[in-house]
Every structure is written in C-alpha cells, then in structure tokens.
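These are the residues of each chain, in order.
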Amino acid sequence: FGDRVLHGKKVVVSAGPTYEDIDPVRFIGNRSSGRMGFAVAEAAAQAGAQVTLVAGPVGLASPPNIAKRIDVRSAAQMHAAVTEAAADADIYIGAAAVGDYRPNTIAAHKLKKQAGAELTLQLAENPDILASLSAQRAHPFLVGFAAETQNVESYARDKLQRKGLDMIAANQVGDGMGFETADNAITLYWVDGSAELPRADKAILARQLIEHIASRYKAVRG
Ligand code: PMT
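Residues numbered from 1 in each chain as written. Predicted model: local features only at pLDDT ≥ 70, side-chain atom pairs only at ≥ 80, totals over all residues.

Trainee: Lay out helix H1 (residues 35–46) in plain terms, naming residues and giving numbers.
Mentor: What sets the pattern is the α-helix's 3.6 residues per turn: residues three or four places apart point alike. Relative to the 16 Å expected for twelve residues at 1.5 Å per residue, H1 spans 16 Å between its end C-alpha atoms, a close match to the ideal helical length. Of all the twelve residues making up H1, eleven are buried; the element is thus mostly covered by neighbouring parts of the structure. Taken residue by residue, H1 has Arg35, Met36, Gly37, Phe38, Ala39, Val40, Ala41, Glu42, Ala43, Ala44 and Ala45 as its buried positions. The inward-facing, buried residues of H1 abut strand E1 (10–15), strand E4 (50–55), strand E6 (91–94), strand E11 (183–190) and helix H5 (202–221). Among the residues trailing H1, Gly48 stands out with phi positive, at a value near 95°. (Helix = DSSP H or I, 4+ residues; strand = E, 2+ residues; numbered from the N terminus. Expected span 1.5 Å × (residues − 1). Buried ≥ 20, exposed ≤ 12 C-beta atoms within 10 Å, placed from the backbone. Contact = placed C-beta atoms within 7 Å.)

Here's what the structure looks like:
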C-alpha cells in the first residue's frame, strides 16, 4: 500500500515519552504510551519502508517487520539517537512526546524531604529534535505531531512553520483523547493543504497518515 512510494525508503519514527531524571528514583515524564508512534512505524513497514523506531520508555513489543529499534530514556538520548539514524534517512516522523525541559542537575542520591518547606526544581530547556533536523542543509522529509488542548489549527500551523516541517499531524489531547487511548483523531496540515482523519483506531489512522505522507513525499521529493 502507499503506491510503492515508500518502498525501500529509510523512515525513522520516534515514539513514546521521555523521562527526565530528577534523582535515582524520580523523573519528569508525560502520558504518552507510544501506541501512536508504534502504529506509524508498523504502517510504514507495511508500505515497504526500512523503518528505524526510536522509542522512549514504553511497555510495547516491537512492531513486526521493522528494521531496527533503539530504546532511549531522556530527550537528550532521543536527540542523539534520532540525529544519527536520520543522517541518511528519507523521512523522519516525530510522534514522540519529547520533554521540553529537564532538571538542571540530576541528584546523585535520593532527594530527602524537607518537611514544611517548598522545593523548587530548576529546569533547563531541551534541544528541539525536529527544529535541529530542519536546520541542517540536507535533511529528511519532516513530519511532526502537535498535541494541543486548545486552538489546535493555529498552534499546529505555527509549529509547521516555526520548526520548518513538511507536514504536521495535530491531535486534540486531554479529556481522554490522544494520549494512552487505543484511538485518536488527527488533522493533517501542510503548506497549502489539510486533511481530516476522523476518530479511529490508531492502527487505521497510522495507515491513513502513511498514505498522505507518501503522496506529499512524491509531490515534493519524488
Ligand atoms: O503515545 P500515545 O499514548 O499513543 O499518544 C500519542 C501522542 C498524543 C503522544 C501523539 O499523537 C503526539 O501528539 N505526539 C507529539 C506529542 C508532543 O510532544 O507534541 P508537541 O506539540 O509538544 O511537540 C511538537 C512536535 O515537536 C512533536 O512532533 C515532537 O516530537 C517534536 N519535538 C518536541 C519537543 C522537542 N524537544 N523536540 C521535538 O522534536
């Protein structure tokens, strides 16, 4: 399926959350289960692509037929793994929910509770994986996701432009939508178009997404 456009193409997919360690027992994470990204990796492999899946901490078995899986924990590790895998890739699809910030320092020992006192965590900004790829002169066709709780279209179009993407898949999250669930609903945006993918199982949505990526890829890179 996918009109054979992706046949033999190198596709890198990121999936899942990142965990930013605070100390040996605590971390900052998010609610991504990895299901959306794993479904996208599976659909890309079904379309004949050679898929590398870079996964944050998730409890999911690898999809069949992917060429390689790299497991990471933090945003910095995901950044390094994606940068290396994407160096000779044709397409990068960023479905991971990458932490925007990490604790300034990781405590070597478990932080002790100071009864009655407030605790302040200092956070440092993480690199933006998509933006750093698009800043490279030769880079893969870039597909981002946008997880928004409001103003979905305007925030998604802003990310499409600001991060220099070829396409963005926007999903409304919160109220039991998007994260963790078996189904999702997506609106795709590219520079001069959009497409509505109504609520469906993530496996079905992933195949529709891959069809759209194949036809846009053919239009701009074919
Ligand atoms: O994993 P599931 O439980 O199945 O849930 C799926 C999902 C809701 C996590 C997924 O569909 C989704 O929307 N993933 C992106 C979530 C997200 O972090 O969105 P964002 O709007 O914060 O980031 C926008 C884009 O920039 C994303 O493609 C993200 O991978 C990328 N990004 C973000 C931060 C960063 N430092 N580097 C990045 O590349």
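Trainee: Residues and numbers for unusual backbone geometry, please.
Mentor: What you tend to see is this: most non-glycine residues have negative phi, and most peptide bonds are trans. Its identity is not glycine, yet Asn151 carries a phi of approximately 45°, on the positive side. Counting through the fold element by element, Asn151 comes out in the loop between strand E9 (141–148) and helix H4 (152–162). Within the chain, Glu180 stands out as a residue other than glycine whose phi angle is a positive 70°. Note that Glu180 resides in the loop between strand E10 (167–172) and E11.

Trainee: Summarise the UniProt feature "binding site: CTP" (unreviewed entry) in the chain; cite the residues concerned and give the values.
Mentor: In the UniProt entry, the feature "binding site: CTP" (unreviewed entry) is given for Asp100, Lys110, Pro127, Asp128, Ile129, Leu130, Phe145, Lys159 and Lys163. In summary, the annotated positions, distributed over 64 residues, remain apart in three dimensions as well, the widest C-alpha pair reaching 37.2 Å. Tracing the backbone shows Ile129 in helix H3 (residues 129–134). Residue class for Ile129 comes out buried when judged on the 24 C-beta atoms lying within 10 Å of it. Excluding its chain neighbours within four sequence positions, the residues that come into contact with Ile129 are Met78, His79, Val82, Gly94 and Val98. One can find Phe145 in strand E9. (UniProt positions renumbered as here; feature names shortened; annotations may be inferred.)

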